[in-house]
Structure formats: C-alpha cells, structure tokens
Amino acid sequence: MPLEPSPAQPVEDSASALVDDRRRAALEIYEAEPLPSWRRSGFWTTTLRGLDLDALEPKRYGPGLPELDLGDDERAALIVQRGASVVHTDLQDERIVVMPLEQAVVEHEQLVREHFAKRLPHDEGKFSAGTAAFWTGGVFIHVPKGVRLEKPIQVVWLIDEPGTAQWAHTLAIVGELAECRIREFFLGSDFEGQALHSGAFELYAHPGAQVDLAHYQDWGRGEVYDLSTRRVEIRRDARVKWVPIHLGGRLTRQTLDIITAEPGSDMKHTGLYFTEREEHLDLFTSDRHEAGHTTGDTVWKGALTGESRASYEGLIHIIPKASEVDTYLQTHSMLLSPKAKGDAIPSLIVEVDNVKASHGGTVGELDPDQIFYMMTRGVSRAEAVRVMVEGYFEEVVQRLEDPGLEELVRRRVAEKLHGAEDQVREFIGERAEAT
Amino acid sequence: MKLEIQNLHVRTGEREILHGVDLVVNKGEMHALMGPNGSGKSTLANTLMGNPNYEVTAGRIVLNGEDITEADPDERARAGLFMAFQYPATIPGVSVANFLRMAMNAGREEPIKVKEFGALLGKNMELLKIDRAFTSRYLNEGFSGGEKKRAEILQLAMLQPDFAVLDETDSGLDIDALRIVSDGVNAMRSAERGFLIITHYTRILNYVKPDFVHILIDGRIVQEGGAELADELEEKGYEWVREEVAAGAA
C-alpha cells in the first residue's frame, strides 16, 4: 500500500504549482482507469454499477448558511461546503486558521507545501485520482503550536440536490503540543436521485499534539455514493482519538488509515455504523505502526437492518523496524434483520518480533433471551430492542466524550430503530421459533 | 386476587414437558413447588412468564380473573406477575439503576419521581445488603452468582408485583447470601402478594416458611401438602415420592 510519505518537493515549487501538477497527473489516471470494483474474501463485492457518473456535476452555490443540526452550537470555527462551493466560514477563535483550502494554497503557502498530499498519493485508484484532479473549495485547518482549543472546529460537507458531484479535500494540521477537537459532518437532505461525495482527508498531528477527531456521516435517504480516503499521521508523543460514525449513505466505500509514525505516538480509533434499507457499506481501516513504542486501540461496532450490507475489514500493520508496539482491534457486527448481511474481518500483518497485537471479530444477532428478560420486567419488545441496541453501541458512543454529538448519535440510532421495528420483531420471532 | 394454573400442557420443541398441571396461588400465600432435575419446574416458571420457547398446547393461565395464556411477557408483567430468573440475562450498557427505573416506569402512567425512586432504591438496597456502587454497574455484567440473585430480588422489591415466581433463587448461593435473599423475600411477604417458590432443595424453606408444598415429577404434580411435606421430602428424598406415586397407581 503506497502509504509512505512522498519525497519532499523541490523548494522552488509554489503551493499552487504543486496542487496544479498533482491535478494534471491525477486527471490522466482518472481518465485512464475504468470504474473500479472492490472484492473481498471471494464473495464480497462493492461495485459502482448503479452509479450514473456522467449525469453528475459539481454544483456551485453562493454564500449562505443552510440549516444544520450539529449537536453543538458552541464552536471555535465552522466551515460549510455545499456541493462544490464553500458557502459559509465562521471563525470564532483568531488563534487558528480555518478557511477554504483553495484560499490556503495562496495564503498559507509554506504550510500547504509541507503537508498537502504528503500521505495521499493521487494514484491509488480512479476516485482518489478524481478527487486530486477535481477538488474545489476544500477545507484547511491549522491549529498552531501550543494552542489549546476548548470548543470544536466544525466542518460540514453538504449535498442537498441530486446530480451533485462533490470532490472534497480537507487538510488539517495540528501543531506541536496543540490540543483541539475537529468534527467533520457529511450531511444530505432526503432527495430523490443520485449524488457523489469523493473525499480526501488528511490530518497531521505534530509532536505532542492531542487531537479529538470525529467524522459523522448521515447522507440521508438520497442515493449518495461516498468513496473516500482518510489518513491520520501521528508523530512523536502525539495522540489522536478518532471516532468515525456512519449513519447513512446508499453506497459507502472508505479507507481509513491511522499511522502512528514516531515513538510515543498513540491512537484510539472507535467506529460505529448503522445500515438500513439497501445501503451498502464497505469499510477498510488500518492501524499502521511505523515506529516502535507506539500504541493503538481500535473498536468498531455496527448494526444492520433492512436488506443492507456492511463489511468491515480492519488491519493491524506493524512494519519491520517497529518493535515494542502494543495494539489491538475488535470488531462486532449485529444483524437486526433476516435479509441483512454483514461481515467483520480483523487481520494482522506483523513484520517484527517483540510486539503485542491482538484482534477479534464477531457477527451476532440480538439475543432472544435478553429480549425476553427485559419484557418480563414490563418493557415492550420495541423498547427492549432499542435498549439492547443502544446498550450495544453505548461503549462506542461514550468514547466520543462529547455530550452534544453523543446525543445526536443516540437520537439518530433511536429513530432508525423505530423505523426498523417491524423487521426486528419479525426477526426475533423467527429466531425464537427456530430455537 | 389469584394466580390460577389450569390443566397446563406445555411443549418445547417436539417434546411435551408438562402434562396437565393445576395449581392455584391466592394472594397472601406462599407456595413451594419442588421437584428433581428435569421434572418441568423451570418450564412452568418460563411458561407462566410467556417465554416464546415454550408452547402451551392445552390449559390456561389466569391472573386475577384474566386469561393471560397468550399474553406477551411485558403484558403479564404489567398485569402484576414477576419472575426471578434462575439464570438472568446480562444487559450490557444498561446500569442497574437505569434498568430498574425503566422497569418501574413501564407499569406507570407518570414516570416515578427521581427522589421517590432514589429513596425506594436506597431502602431496598439496605434490606438486601447491596453496596451503593452496585447500581451503576451494567445489569448482571460480570456479576457473581450471588449478586445476580440479589439483583433479581432487588427488582422484586422495587416492582412490588401481585405474584412472584422465584425460579431456583436459592441455587448457587452460600449460606450468608441465602439468608439475605430469604430475608428479602420475607420482607416482601404480605397479605396482598402471592409467591411461588420453585426449588430442588428444601434449604430455602428453612428460612422462608411455605403455606403449601407441591411436588412436581415428570411434568405432573404428584403430591401436595403443607410445610411438613417439605420436611418429609428432606428426610426421604424424591425416590420416596416416586415410590409412593407408583404404589398409588398400582
């Protein structure tokens, strides 16, 4: 996997030249590559056969703040990209920089030159090339050395019209010993028709930085295809807590990589997904240790209803020189409907001795004995199911350590469960009869 | 007010376990249902509560005059029936306190006031010698056998049902825990409440004196009497009952 940093660019290249060269090189790849499909373990395939790519276009919008529910009104900054345009930027804390990436390429030359695409090669497939070639607007975040933020930085990617192609790029730089919370939201209205979000995200946590990062995806009932790559690099003694939350999208194919790059770096990665209807979710995450004395902790939990499909594959990769690593990965998937299908695949590549790495994965169902038990206490079946699923997710939700966002997640999960009540009842009934 | 079990036949899978059980528990009464392993005791308890793994093929269960044979477990609970489980389920992510509040509110129009709930919980925890920290743990997760049984009796004390079925609540308890649990049950005894204690052993009956004892063997109640029947059973064992039954049939 081409995750190594690219060689440093010659200094004379300006940031704009760097971005433009990358666009040109990526465009060639994008045009040459066919529509991809992803295969896993022989029977799992993610294809884009249903996507009419030619019918989509990057829609432009003028400034304006759409109505949003972000769980938290207190913020250090808010930036909103709707379709292909940044439509709102609100900076409340002058110590930091939050602006469109297009603007930062000009105004923060050196930072962009040093970080842009360092961990995001443009040749990792058609859509990463497409994103490299076509991104517009974009988000740039810089929390300088030593700055500690109390309030979160909020980023919103909004698609509210069918026919939209959103090519996204976020570059976040958190300086030495800086501390911050970053939340990216991916929101759609319940439109009819197709749309694409093809995204790139990169975050660099400099030595000693503390970053609390969350991605909240809820594309709604529209047919949104989300093909994204997100990478986080953690340097010496820095720590990143990353919570990706997937609550909706017609088809999602994402690669999420965390790289503990230098000794003392630590990551905690906690994911949650809930799929319904005909949604298809294909997630690949990696916990990559490039240095010794690094630590990691990955927990993913999902629940599936309807005829949805969800596949999670989580890799722990410890490269040869990285000894004294301590990491683990757990993944669980809960089926709530007879027609849903899920898998949970933990895997391990360890190229060195003297490390601690463990992993485990389960796919399960609601336990009818637990439901029966709760009902004998007067709790209705629907309520019992809700409580069980919420309890199942609670471990993950609490790791958010963000009351506003926690509440948002709990509420959305409850709404989705309410919508799936009949299926769940049928499923539990079937299970009870089968035993 | 009474709990009536009328000619109850119950099947699980392809096998009939109960072959016509009749039993009436009036409020204010303490009944013990005793039987060896495999006699159908737990089947009866689970059927009373509406466990979907058990199918009633004939007979009825009537609670306070209302036929609840086909009712869902939550409806039975709200109608005033309670069971303390032999093997209670673990409810991850839900604390003991939250679970209790949810269960109490399930049977009420208006949710219980926080203060009232706190006071009631405090009182009952004292009764069962349960530590305060216990209530913030997830229900039954990592609980010892004794803690699980105490948590069941705590629920009984909080929910104040009309009729309580205790399924092998004494099994797996050491003598101190048994005494605490028995004290809890005795404190719950009232003219307004009926009990059905299901047990293999007579041990718990040394602490909780039954008014009536029924012996269940092979899915039928074969002998009934007062507290003295339990003593006799303690002395002579289930084989004696089987012989008596065989002699009676001959």
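**Details of the overall build of chain B**
Within chain B, the secondary structure is distributed over 7 helices and 12 strands. Its C-alpha atoms give chain B a radius of gyration of 18 Å, near enough to 18 Å, the size a compact globule of 250 residues would have. Dimensions of chain B, computed from C-alpha atoms along their principal axes, come out at roughly 60 × 40 × 35 Å. Burial statistics for chain B: of 250 residues in total, 42% are counted as buried.

**Some points on the overall build of chain A**
Secondary structure summary: chain A contains 8 helices and 21 strands in total. Taken over the C-alpha trace, chain A has a radius of gyration of 21 Å; the compact-globule value for 435 residues is 22 Å, and the two agree within 12%. Taken over 435 residues, chain A has a buried fraction of 52%. Relative to all contacts within chain A whose residues are 6 or more apart in sequence, the contacts with residues 24 or more apart total 82%.

**A word on the interface of chain A and chain B**
At the interface, 20 residues of chain A touch 22 residues of chain B. Looking at the side of chain A that touches chain B, the elements with two or more residues in it are helix H5 (368–375) and helix H6 (381–398) of chain A. No other element matches the 7 residues that H6(A) contributes to the side of chain A that touches chain B.

**Side note on the packing of H5(A) against H6(A)**
All names here are of chain A. Relative orientation of the contacting elements H5 and H6 amounts to 125 degrees, with a least axis distance of 9 Å. Here H6 runs oblique to H5, going by the angle between their axes. Between H5 and H6 the crossing geometry is right-handed. Along the contact surface, H5 presents Gln370, Ile371, Met374 and Met375, while H6 presents Arg381, Ala384, Val385, Val387 and Met388. A per-class count over the contact of H5 with H6 returns 7 nonpolar, 1 polar and 1 charged.

**Considerations on helix H7 (residues 403–419) of chain A**
Residues and elements named next belong to chain A. For H7, spanning 17 residues, the distance from its first C-alpha to its last is 24 Å, which sits close to the expected 24 Å at 1.5 Å a residue. Among the residues of H7, Leu405, Leu408, Val409, Val413, Lys416 and Leu417 are the ones counted as buried. The buried residues of H7 occupy one face: seen down the axis, they fall within an arc of 160 degrees. When the buried face of H7 is taken as reference, the exposed residues oriented beyond 90 degrees from it are Pro403, Arg411, Glu415 and His418.

**Some points on the nonpolar core**
Among the nonpolar cores identified, the biggest contains 186 residues, and Val174(A), Val240(A) and Leu336(A) are the most heavily contacted of them. Element by element, the count of residues in this core is highest for H6(A), at 9 residues.

**Re unusual backbone geometry**
With phi around 45 degrees, Arg277(A) is a residue other than glycine that occupies positive phi space. Within the element layout of this structure, Arg277(A) appears in the loop between strand S15 (266–275) and strand S16 (280–289). The residue Glu168(B) is not glycine, and still its phi comes out positive at about 50 degrees. Relative to the elements of secondary structure, Glu168(B) occurs in the loop between strand S9 (163–167) and helix H6 (175–188). Glu168(B) sits in the buried class, given 21 other C-beta atoms within 10 Å.

**Comments concerning the sheet that holds strand S18 (residues 309–318) of chain A**
All names here are of chain A. A sheet is described by the order of its strands in space; here 9 strands give the open sequence S5-S6-S8-S10-S12-S14-S16-S18-S20, paired in mixed fashion. Every other strand in the sheet has two partners, leaving strand S5 (97–99) and strand S20 (341–350) as the edge strands with one partner each. In this sheet, adjacent strand axes meet at a mean angle of 5 degrees when their direction is disregarded. Relative to S18, S16 runs parallel, the two sharing 10 bridges.

**Comments concerning helix H1 (residues 15–32) of chain A**
All names here are of chain A. If you check H1, its first and last C-alpha atoms are 26 Å apart, about what 18 residues at 1.5 Å a residue would give, namely 26 Å. Where H1 is concerned, the buried positions are Ala15, Val19, Arg22, Ala26 and Tyr30. Looking straight down H1, one finds its buried side chains confined to an arc of 70 degrees; they lie on one side. The outward face of H1, more than 90 degrees from its buried face, is lined by the exposed residues Arg24, Glu31 and Ala32.

**Concerning the sheet that holds strand S4 (residues 55–63) of chain B**
Neighbouring strands of a sheet are bound in pairs by backbone hydrogen bonds; such pairs are parallel or else antiparallel. Residue and element names in this part refer to chain B. The strand order S2-S1-S4-S5 describes an open sheet built from 4 strands, whose pairing is antiparallel. Lying at the two open borders of the sheet, with one neighbouring strand each, are strand S2 (15–26) and strand S5 (66–67). The pairing of S4 with S5 spans 2 bridges and is antiparallel. Of the residues in S5, the one forming a bridge with Val62 is Asp67.

**Concerning the environment of Ile153(B)**
All names here are of chain B. Within the secondary structure layout, Ile153 lies in helix H5 (residues 145–159). When the C-alpha positions of Ile153 and Met83 are compared, they lie 9.6 Å apart, and in sequence the two are 70 residues distant. The contacts of Ile153, once residues within four sequence positions are left out, are Ala84, Leu128, Val181, Gly184 and Val185.

**Some words on the pairing of strand S6 (residues 81–84) of chain B**
All names here are of chain B. Judged by which residues are buried, S6 turns out to be covered on both faces: Leu81 and Met83 on one side and Phe82 and Ala84 on the other are all buried. Bridge count between S6 and S9: 4 bridges; the pairing is parallel. By the bridge assignment, Leu81 is partnered in S9 with Phe163.

**Section: the packing of H5(B) against H6(B)**
The description of two packed helices rests on the angle between their axes and on the distance between the axes. Residue and element names in this part refer to chain B. Closest axis-to-axis distance for the H5/H6 pair is 10 Å, and the angle between their directions is 10 degrees. Between H5 and H6, the angle is such that the two are roughly parallel. For the pair formed by H5 and H6, the contact residues are Gly146, Lys149, Arg150, Ile153, Leu156 and Ala157 on the first element and Ala177, Ile180, Val181, Gly184, Val185 and Met188 on the second. Taken together, the residues of the contact of H5 with H6 break down into 8 nonpolar, 2 polar and 2 charged.

**Some details on the environment of Met125(B)**
All names here are of chain B. With respect to the helices, strands and loops of the structure, Met125 is situated in helix H4 (residues 114–127). Separated by 77 residues in sequence, Met125 and Leu48 place their C-alpha atoms 27 Å apart. Not counting residues up to four positions away in its chain, the partners in contact with Met125 are Ile130 and Leu154.

**Things to note about the confidence of the model for chain B**
With 99% of its residues at a pLDDT of 70 or more, chain B shows a mean pLDDT of 94. This prediction of the complex comes with two scores: 0.82 for pTM and 0.96 for ipTM.

**What to know about the environment of Thr169(B)**
Relative to the helices and strands, Thr169(B) resides in the loop between S9 and H6. In this structure, the C-alpha to C-alpha distance between Thr169(B) and Lys149(B), residues 20 residues apart in sequence, is 6.3 Å.

Criteria and cut-off values
- Residues numbered from 1 in each chain as written.
- Chains lettered and ligands numbered in written order.
- Predicted model: local features only at pLDDT ≥ 70, side-chain atom pairs only at ≥ 80, totals over all residues.
- Helix = DSSP H or I, 4+ residues; strand = E, 2+ residues; numbered from the N terminus.
- Rg over C-alpha atoms; globule rule 2.2 N^0.38 Å.
- Buried ≥ 20, exposed ≤ 12 C-beta atoms within 10 Å, placed from the backbone.
- Contact = placed C-beta atoms within 7 Å.
- Axes fitted to C-alpha atoms, helices over the stretch in contact; angles between N-to-C directions.
- Parallel < 35°, antiparallel > 145°, perpendicular 65-115°, else oblique.
- Left-handed = near helix turned anticlockwise from the far one by under 90°.
- Nonpolar A, V, L, I, M, F, W, Y, C, P; charged D, E, K, R; others polar.
- Expected span 1.5 Å × (residues − 1).
- Arc of directions from axis to C-beta.
- Core = buried A, V, L, I, M, F, W, Y, C linked by C-beta atoms within 7 Å.
- Pairing = 2+ DSSP bridges.
- pLDDT = per-residue confidence, 0-100.

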